Amino acid sequence: MRTKILYEDKHIIVVYKPAGIAVQSGRIGQADVESELKNYLAANSDGSQRGKQPYLGVIHRLDQPVEGVLVFAKTPQAAAALNRQLAGENFCKDYFAIVCGKPEPAKQELVDYIKKEGGLAKICPPSAKIAAEGAKKAALSFEVLSAKEVEQEEISMLAIRLKTGRFHQIRAQLSHAGYSLLGDAKYGSEKSRALSGSLQVRNVALCAVHLSFLHPVSGKKMEYSVSPEQPIFAFFCE
């Protein structure tokens with residue numbers, strides 16, 4: 001199993017998802033996190049549950065080429081409680097990303113309107129946000145942690161706090177702002193694609209490094225952190 005379990009109890013299961021594996025609905029013959037966890041739960045169920053399809057509630061997702069920490073629910077009640085937290089301040093998701101260029105100023109907040117169109121997140125002009133059917137507000141804040149010059153180009157590592165959870169939000173918003181993520185074939189610029197190729201960045205340089213939420217039963221604050229495993233992040237850990 002490629003998925004790594006960080007914590008588990010009767011109500012939730014917290015995992016690290018490596019880059020390159022889908023959260024769910026992977027192609028036939030291709031592993032996905034949901035299937036791996038359901039197989040794991042079925043194999044480790046008690047005698048009374050054997051033969052039954054285990055319940056697993058998908059609360060939030062990461063794109064297939066993105067790595068990081070996720071929480072799943074093991075009961076419908078836990079899923080409902082976690083879903084109620086998604087839009088509030090108690091459910092917090094923080095990311096590290098490596099982008100082409102050095103954002104100025106070093107701390108920024110991005111607010112856009114995003115519409116899912118043909119498998120891509122399209123940024124809608126503010127004047128068209130009302131007319132654009134399906135466009136939703138997307139907000140995040142970021143801070144430049146470090147910047148380095150590689151092959152006569154600057155790359156920066158950002159710490160990102162998501163304020164909404166839209167489709168391809170981080171990738172689309174940063175690209176629109178002029179800070180394309182390395183390894184991003186869908187939203188990358190010509191410069192970021194060339195640099196990604198020369199640096200052999202094969203997945204999106206984005207990692208969900210920290211997740212916090214309230215336990216759906218006890219109400220206790222739960223926090224989990226991981227370190228990026230993609231080699232490109234090693235540039236900033238030397």
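Overview of the structure. In this text, all values refer to a predicted model and were calculated from it rather than measured experimentally.

Thresholds, definitions, all that
- Every chain begins its residue count from 1, and numbering advances along the sequence as written.
- Totals for whole chains, interfaces and linings use all residues, but because this is a predicted model, local features are given only for residues with pLDDT of at least 70 and pairs of side-chain atoms are given and counted only at 80 or more.
- Side-chain measures were taken over the full set of non-hydrogen atoms in the model, leaving aside hydrogen atoms and water.
- Only DSSP runs of H or I reaching four residues or more are called helices, and only runs of E reaching two or more are called strands; each is numbered from the N terminus.
- We compute the radius of gyration from the C-alpha atoms alone; for a globule the expected value is 2.2 Å times N to the 0.38, where N is the number of residues.
- Type-normalised accessible area, obtained with a 1.4 Å probe on protein chains alone, sets the label of each residue: buried when under 20%, exposed when over 50%, and partly exposed for intermediate values.
- Any two residues whose heavy atoms approach within 4.5 Å are treated as being in contact.
- Note on areas: Shrake-Rupley, 1.4 Å probe, and residue coverage restricted to the protein chains presented here.
- The convention is simple: Lys and Arg are positive, Asp and Glu are negative, and His and the chain ends are not counted.
- To locate a charge, the coordinates of NZ of Lys, CZ of Arg, CG of Asp or CD of Glu are taken.
- Arc definition: it is the arc formed by the directions from the helix axis to the C-beta atoms.
- Here, any two strands with at least 2 DSSP bridges between them count as paired.

### Comments concerning the overall build of the protein chain
Consideration 1: Tallying secondary structure elements over the protein chain gives four helices and eleven strands in all.
Consideration 2: On C-alpha atoms alone, the protein chain measures out to a radius of gyration of 19 Å, which is about the 18 Å that the 2.2 N^0.38 rule sets for 238 residues.
Consideration 3: Its C-alpha atoms give the protein chain principal-axis dimensions of roughly 60 × 45 × 35 Å.
Consideration 4: For the protein chain, with 238 residues in total, the buried portion stands at 47%.
Consideration 5: Once local pairs closer than 6 in sequence are excluded, the contacts in the protein chain between residues at least 24 apart make up 63%.
Consideration 6: When the accessible area of the protein chain is evaluated, it comes to approximately 12200 Å², of which 49% is carbon and sulfur surface.
Consideration 7: Put simply, the protein chain has 31 plus and 25 minus side-chain charges, and the middle of one group is 7 Å from the middle of the other.

### Some details on the side chain of Gln85
Consideration 1: Its location among the elements puts Gln85 in helix 2 (residues 76-85).
Consideration 2: Not counting chain neighbours up to four residues away, the residues in contact with Gln85 comprise Asn90, Phe91, Phe213 and Leu214.

### A short note on helix 4 (residues 190-199)
Consideration 1: For helix 4, every residue scored as buried is listed here: Ser192, Leu195, Ser196 and Leu199. Viewed along the axis of helix 4, the buried residues span an arc of 105 degrees, placing them on a single side of the element. When the buried face of helix 4 is taken as reference, the exposed residues oriented beyond 90 degrees from it are Glu190, Ala194 and Gly197.
Consideration 2: For helix 4, the secondary structure elements touched by its buried residues are strand 5 (92-100), strand 8 (136-150) and strand 9 (153-162).
Consideration 3: At the exit of helix 4 stands Gln200, carrying a positive phi of roughly 60 degrees.

### Some remarks on the pairing of strand 2 (residues 12-17)
Side-chain direction in a regular strand flips from residue to residue, so the side chains alternate between the two faces of the sheet.
Consideration 1: For strand 2, a buried count of six out of six residues is recorded, marking the element as mostly surrounded by other parts of the structure.
Consideration 2: On strand 2, burial covers both faces: Ile12, Val14 and Tyr16 on one face and Ile13, Val15 and Lys17 on the other are all buried.
Consideration 3: Bridging between strand 1 (residues 4-8) and strand 2 involves four bridges; their strand directions are antiparallel. Looking at strand 2, one finds that Lys4 is bridged to Tyr16.
Consideration 4: In this structure, the hairpin formed by strand 1 and strand 2 is closed by a connection of three residues.
Consideration 5: Both strand 2 and strand 4 (residues 67-73) contribute to a ladder of six bridges, which runs antiparallel. For Val14, the partnering residue across the bridge sits in strand 4 and is Val71.

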